[in-house]
Structure formats: C-alpha cells, structure tokens
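# Descriptive analysis of the structure
Next come the chains, spelled out residue by residue.
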Amino acid sequence: MAEKKTLLILPGDGIGPEVMRETRRVIEWMGKRGRASFEITEDLVGGASIDARGVPITEETLAKARSADAVLFGAVGGPKWEKLGFHNRPEIAILRLRKELGLFANLRPAIVWEPLVGASTLKPDVVRGLNLVIVRESTGGIYFGEPRGIETLPSGEKRAFDTESYTTSEIERVGRVAFDLARKRQRRVCSVEKANVMQSGLFWRETISSLHEREFTDVELRHMYADNCAMQLVRNPQQFDVIVTSNIFGDLLSDLASMLTGSLGMLPSATLGQADASGRRPALYEPIHGSAPDIAGKGVANPLAQILSFAMLLRYSLNMDRDAGIIESACLNVLASGLRTADIMSPGTAKVGTSVMGEAILRELEKVAAQ
Ligand code: IPM
Ligand code: MG
C-alpha cells in the first residue's frame, strides 16, 4: 500500500457533521479495501470551535491544516453565532484557512447529472449535459482588501467602506489555473468582471488578456461583464467551459450556477494554493452548500456534495483519478436508481435521509470497484 496520507477533517456546524459522517464511511471503505491509507485528524472549526475554545479557529488547528496533505471541510455558521462581533464570526475560520494557507484558486464545478435533469428549476433542454467550472479567486478582492471599516463623519453620519483590490500577480496566478484547467477541457475561458464601472475590473481584463497573449493563445478567451454573466448562466449555461473571476463575483455566480444542477446540495469544490518546490500543494475541499441551519440535525441533508468534495481531494491532491472516478460513478448510479434526498426530489423518485443515502453509496462502491 502507498504511504499514509494525512487528512485534516473539519466538519464544522449545522449539517457539516452529518454529511461528513457519511463521507468518513467512504474514506474508511477506501482504507478497508486497501485502495488508500489515511491518517485522519478531526478538529473543531466555526461555531463549534467558538463554543469550545472561544475562537472560530485556533492557531493549532491552522498549523494542522498547513501540515496536512489536504483539508476536508464541512460548513460553518448558524443563527446561534450571528450576534457575535464581526471579527469572531464562524465564517472567519474558512476565510483564515484560505488566506493563511494561500488557497487562492477556488474551483467550483457545476455538472448536471443526467438523473437530476428534472431537479433543476430550469428546463431540461437548457441544462442537460451541462459541465462548467467557475475558478473563483479566493484570497484577494473585497473579501480582504484594505482599508475597510465603519467611520463616523464630521456630520455625525456614519460611512462604511470595503476595498476591491487586485495586483498583477494575484490575477495572473488564478488566470493560469483557469487556462491550465481549460487545456484539459474544451479550451475555452470566459473572464468575468465589471470593466465598465470598476478600475479593478478594467485592470483584471487587461491583465488576463496580456497573460493570454503571452502564454495561452491555444485557449479561446472571452470577456464578460458580471451582470451579463449572471443572465447568460440562466439563459444559456452551455456556452461556458471555464469561468474565471474575482472573489466576490465568484461567490455570487457559483451559488447561481449550483441551481442549474438542481441543488446546492450537489456541488463540491476545491481550493488550491501554490505548489512548493517539492510539488506539494496546499488544498482544501468543501461542499459549497454551507451549514443549512434550517435542516441541521434532522438527518435529511444531502451528503453528495461532501462526498464528491472528497472525490475531488483524491483527484487534485493525491492523483487518485481512478478512485475519484469510482466514487463519482457510485454517486451517479445511486441517483440513477431513483434514490433522492429532499433537496433533489422529483416525481417518481424515492425520498431518503442522509444515512440511507450514505449506505446506498457504500453498496454501489462495492459494485463499481468490482467491475
Ligand atoms: C462560500 C461561502 C463563504 C464565502 C462564506 C461562508 C464566508 O459563501 O464559500 O461561497 O463567502 O466565500
Ligand atoms: Mg458563497
């Protein structure tokens, strides 16, 4: 068996622990079948960490994340912690992980699985076969830009401000991830900003264009304003292959794109940093659905996005394409068999809870692996 890989698992809050439980069964299955061997550490993050330790993430947990081969993250946040000060929100945990591990490229694939074509709110013809990826910049922009704050003006009125800012290198490195990814796909990149109203948008467009001319002329490049992109994603999503965009626009557009696939509960993501000289690349994998406090603890959450995030971890961090494919096939087969969690129900299918869905995936893993 190959050397042990170290995983840091951070289930977090809300439905995070429920969907992570099913994912751990998949991870254990891989170990038992001798496909891979993991050394797993589990730790607290978000509201769970605030309750136990007073902060959304401790320095120790950050250090563990830095030294792990990969981090598998659940979700953070919930009404219980909403009244905490701005700097002690559960969300700080994921923002610090991204920033301090240098995880600048957030890959958010939106894939429509054939059995779920009917689960989208859009017409089947519009979404059938959809397969796009949003590459969202995730350590810069307005999420981290300075200055930011709330001040009181001489008039006594208050003023709040945030800063959208991007440097050449920040844009180029995420651009390279997008162009490289496109080379393994349909070789089409759409770069998204608001160059018509924002200086940083204009600079983004110029920087991506110049990078394209210098290094990626074999890839087709288009530019699009973010508002138009939101409209085009609903009108004709199939026109996109890889979308590259800033932190804030990527946040918005990826939630939008998730609904093309039927449910936020289906979308995994990978957030990647820069590889070091030895080829080791910091990486975090998380479903994009968040903690879903409204359904937490009820055993009804869809575990697929979390399980598929683990499949992405195998593919991007451990070069285990074959095993990632086995997990994806097992998920597809379970959906094809008609089992559905509540979020992806459609007429004629059978509604199941989180753990029954997890069990069904384990059974399918056995079958697919035996083929
Ligand atoms: C996401 C989430 C986060 C973000 C929150 C939880 C800070 O919405 O990963 O899309 O805004 O980046
Ligand atoms: Mg978001």
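Residues numbered from 1 in each chain as written. Chains lettered and ligands numbered in written order. Predicted model: local features only at pLDDT ≥ 70, side-chain atom pairs only at ≥ 80, totals over all residues. Heavy atoms only, no water.

All right, on to the pairing of strand 10 (residues 242-245) then. In strand 10, alternate side chains face the same way, and those of V242 and V244 on one face and I243 and T245 on the other are all buried. Summarising the sheet, strand 5 (residues 131-137) and strand 10 pair through 4 bridges and their orientation is parallel. Bridged to V133 within strand 10 is V242. Examined bridge by bridge, strand 8 (residues 188-193) and strand 10 share 4 bridges and lie parallel to one another. Across the sheet, C190 pairs through a bridge with I243, a residue of strand 10. (Buried < 20%, exposed > 50% of the residue type's maximum accessible area, 1.4 Å probe, protein only. Helix = DSSP H or I, 4+ residues; strand = E, 2+ residues; numbered from the N terminus. Pairing = 2+ DSSP bridges.)

Our focus in this paragraph is the side chain of T207. Among the secondary structure elements, T207 is positioned in helix 7 (residues 199-215). With a relative accessible area of 6%, T207 lands in the buried category. Beyond its immediate stretch of four places on either side in the chain, T207 contacts T168, I171 and E172. (Contact = heavy atoms within 4.5 Å.)

The interhelical angle for the contact between helix 1 (residues 16-32) and helix 10 (residues 304-318), taken along N-to-C directions, is 40°, at an axis separation of 8 Å. For the element pair helix 1 / helix 10, the angle class is oblique. Crossing of helix 1 over helix 10 shows right-handed handedness. Listed contacts from helix 10 to V19, M20, E22, T23, V26, I27 and M30 of helix 1 are Q306, I307, F310 and L314. When its residues are assigned to classes, the contact of helix 1 with helix 10 shows 8 nonpolar, 2 polar and 1 charged. (Axes fitted to C-alpha atoms, helices over the stretch in contact; angles between N-to-C directions. Parallel < 35°, antiparallel > 145°, perpendicular 65-115°, else oblique. Left-handed = near helix turned anticlockwise from the far one by under 90°. Nonpolar A, V, L, I, M, F, W, Y, C, P; charged D, E, K, R; others polar.)

Relative to the assigned elements, T261 resides in the loop between helix 9 (247-260) and strand 11 (270-272). Look at T261 and you get buried, because its relative accessible area is 1%. Engagement of the side chain of T261 in a polar contact is seen with the backbone oxygen of S263, the distance being 3.4 Å. (Polar contact = N/O pair within 3.5 Å; in protein donor to acceptor, adjacent residues only side chain to side chain.)

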